[in-house]
Amino acid sequence: MKAIELIINGDKLDRVMQLLSTFSKSGIFVAQGFGYGHQHGFKQVYTRDDDRGVKILPKVSVRTVVEDALAEQVVDTLVAELGSASFGDGKIFITDVVDAVRVRTGEHGDEAL
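Report follows, based on the coordinates. For clarity, every value in this text was computed on a predicted model and none was experimentally measured. Per chain, residue numbering runs from 1 following the sequence as it is written. Local features in a predicted model are, by the rule used here, given only for residues with pLDDT of at least 70; side-chain atom pairs are given and counted only at 80 or more, and totals for whole chains, interfaces and linings are based on all residues. The basis for every side-chain value is the complete set of non-hydrogen atoms in the structure, without hydrogens or water.

1. A short note on the side chain of Thr64
Next, step 1: Labels follow the DSSP assignment, with helices taken as runs of H or I lasting at least four residues and strands as runs of E lasting at least two, numbered in each case from the N terminus. Within the element layout of this structure, Thr64 appears in strand β3 (residues 57–66).
Next, step 2: Polar contacts here mean pairs of N or O atoms no more than 3.5 Å apart (in protein, one a potential hydrogen donor and the other a potential acceptor; neighbouring residues in sequence count only if both atoms are side-chain atoms). Of note is the side chain of Thr64, whose polar atom sits 2.7 Å from the backbone oxygen of Gly27.
Next, step 3: Any two residues having at least one pair of non-hydrogen atoms within 4.5 Å are treated as being in contact. The residues touching Thr64, leaving out its near neighbours within four places in the chain, are Lys2, Ala3, Ile4, Leu20, Ser24, Ser26, Gly27 and Ile28.

2. Some points on the pairing of strand β1 (residues 2–8)
Next, step 1: The sheet contact formed by β1 and β3 spans seven bridges and is antiparallel. Following the sheet pairing, Glu5 is matched in β3 by Arg63. Only when DSSP finds a minimum of two bridges between them are two strands counted as paired.

3. With respect to the pattern of salt bridges
Next, step 1: Throughout this description, the term salt bridge denotes a Lys or Arg side-chain nitrogen within 4 Å of a carboxyl oxygen of Asp or Glu. Scanning the entire structure with this criterion turns up five salt bridges.
Next, step 2: Its salt-bridge partner being Asp96, residue Lys2 comes within 2.3 Å of it at the nearest N-O pair. Of this pair, Lys2 sits in strand β1 while Asp96 sits in strand β4 (residues 91–96), and the two are 94 residues apart along the sequence.
Next, step 3: For Asp96, a relative accessible area of 59% translates into the label exposed.
Next, step 4: With a shortest N-O distance of 3.2 Å, Lys12 and Asp89 are connected by a salt bridge. Of this pair, Lys12 sits in the loop between β1 and α1 (13–21) while Asp89 sits in the loop between α2 (68–82) and β4, placing them 77 residues apart in sequence. Classification of residues uses two cut-offs on accessible area relative to the type maximum, computed with a 1.4 Å probe and protein chains only: under 20% is buried, over 50% is exposed, and between them is partly exposed.

4. Describing the nonpolar core
Next, step 1: Nonpolar core, defined: a set of buried Ala, Val, Leu, Ile, Met, Phe, Trp, Tyr and Cys residues in which side-chain atoms within 4.5 Å join the residues together. Membership of the largest hydrophobic core comes to 16 residues, with the highest contact counts inside it found for Leu6, Val16, Leu20, Val62, Val74 and Leu78.
Next, step 2: For this core, the secondary-structure elements that each account for two or more residues are β1, α1, β3 and α2.
Next, step 3: Among the elements that take part in this core, α2 stands out by supplying five residues, more than any other.
Next, step 4: Once residues lying within four places of it in the same chain are set aside, the contact partners of Val16 are Leu6, Ile8, Val62 and Leu82.
Next, step 5: Judged by nonpolar contacts, the second largest core, of six residues, contains Ala3, Ala100, Ala112 and Leu113.

Below is the structure:
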């Protein structure tokens, strides 16, 4: 199993939910937060003045867990659909999931999804 986490702008959330619903049986988790990436929250730099500080931007974290066989296809689909070749398109993190347990039934692994 693979955990997939996206950090995106909130305006892309509806599209991400549509895309992930076609792949993920386990559902999704969404959390709001604030942060910045490589550009420190600025869309375009017009000056060499580095004393302008950091601009914290609203972001959304979306997490899901998919079977190993689907992980690459999910990531490729997300990149193709969400990418605009602009700074701020987001990041995708993929991590291995050692186990999952459904609390209600005690099922483990893929059955818990």
